[in-house]
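If you want the building blocks of each chain, they are given just below.
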Amino acid sequence: MNALVVKQYFQKTPWPAFAYNGEVYNLLHLSEFIITVTDSNNHTRKIAVTFEDHCFTRDATSDDTNATIYPSSTRNPGHFCFNRYTHSLNLTAHINKAVLGNVKIGEGRKHYAIVDIPTINGINEQYAIFFSLDPVKGLPIHLHMRVRSAYAVTTKELITHGTVAFKMLIALRMQNKTPHKRY
């Protein structure tokens, strides 16, 4: 598996930077990229990876002000989340790690990649990456991975239905199939 920076197929423009209290938060690290992975049938597959704004925005809370509204958010309104942003700086590395192992099976076509990340005090916390993986036709890539959201799991327990090797998930999605859920 390797990551390449290439032509943008799905995300035509990068996410605009966010400015707050004189600081600029660049989002170029969440630009589309291509990974090449060998699936469980030993076929080499190219996957375009894109990121939605839920990787760095959140719903409004009662103490929010207009200063934290991210204008390009798909939420109404979406507020820039400094915690999600900080975690997103390593999101590409987490994806590269996840494609080498197993991912949790979620609801519908959502799959979760859950990785343990060390915190400042040395205790691991879980970081959940919610993504879909869909076949692509008419382009020189095989699948489109949409990273729908990503955040540190703190209070909410995620409902999962077993695990699947990422290589197997690729082979299944190439056939437009999904892994069997274990209840």
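Note that this is a predicted model, so its numbers are computed, not measured.

With that settled, consider unusual backbone geometry. Omega for the bond connecting Asn76 with Pro77 falls within 30 degrees of zero, at -10°, which places this linkage in the cis form. Here Pro77 lies in the loop between β6 (57–58) and β7 (79–80). A positive phi is found at Asn21, a non-glycine position, where the angle reads about 50°. Relative to the assigned elements, Asn21 resides in the loop between β2 (18–20) and β3 (23–25). A positive phi angle, near 60°, is found at Asn176, a position not held by glycine. Relative to the assigned elements, Asn176 resides in the segment after α3 (166–174).

What follows is about the packing of aromatic side chains. Scanning the model with the defined rule gives 18 aromatic pairs in all. Aromatic pair Trp15 and Tyr70: ring centres 6.4 Å apart, planes at 55°, arrangement tilted. Highlighted residues: Trp15 in the loop between β1 (2–4) and β2 and Tyr70 in the loop between β6 and β7, separated in sequence by 55 residues. Judged by centre distance (6.4 Å) and plane angle (15°), the rings of Phe18 and Tyr20 are stacked. Judged by relative accessible area, Phe18 falls into the buried class, the value being 4%. Assessed through its relative accessible area of 24%, Tyr20 is described here as partly exposed. Feature note: the residues Trp15, Phe18, Tyr20, Tyr25, Phe56, Tyr70, Phe80, Phe82 and Tyr85 constitute an aromatic cluster, connected by ring pairs.

Parameters at a glance
Each chain carries its own residue numbering, running from 1 in the direction its sequence is written. Confidence filtering applies because this is a predicted model: local features only for residues at pLDDT of at least 70, side-chain atom pairs given and counted only at 80 or more, and all residues used for totals across whole chains, interfaces and linings. With hydrogens and water set aside, each side-chain value is computed from the structure's full complement of heavy atoms. Secondary structure elements follow DSSP: runs of H or I no shorter than four residues count as helices, runs of E no shorter than two count as strands, and numbering proceeds from the N terminus. Pairing of aromatic side chains requires ring centres within 6.5 Å, counting the rings of Phe and Tyr and the six-membered ring of Trp. Pairs whose planes differ by under 30 degrees are stacked, by over 60 edge-to-face, and all others tilted. Partly exposed residues are those whose accessible area sits between 20% and 50% of the maximum for their type, while under 20% is buried and over 50% is exposed, using a 1.4 Å probe and protein chains only.

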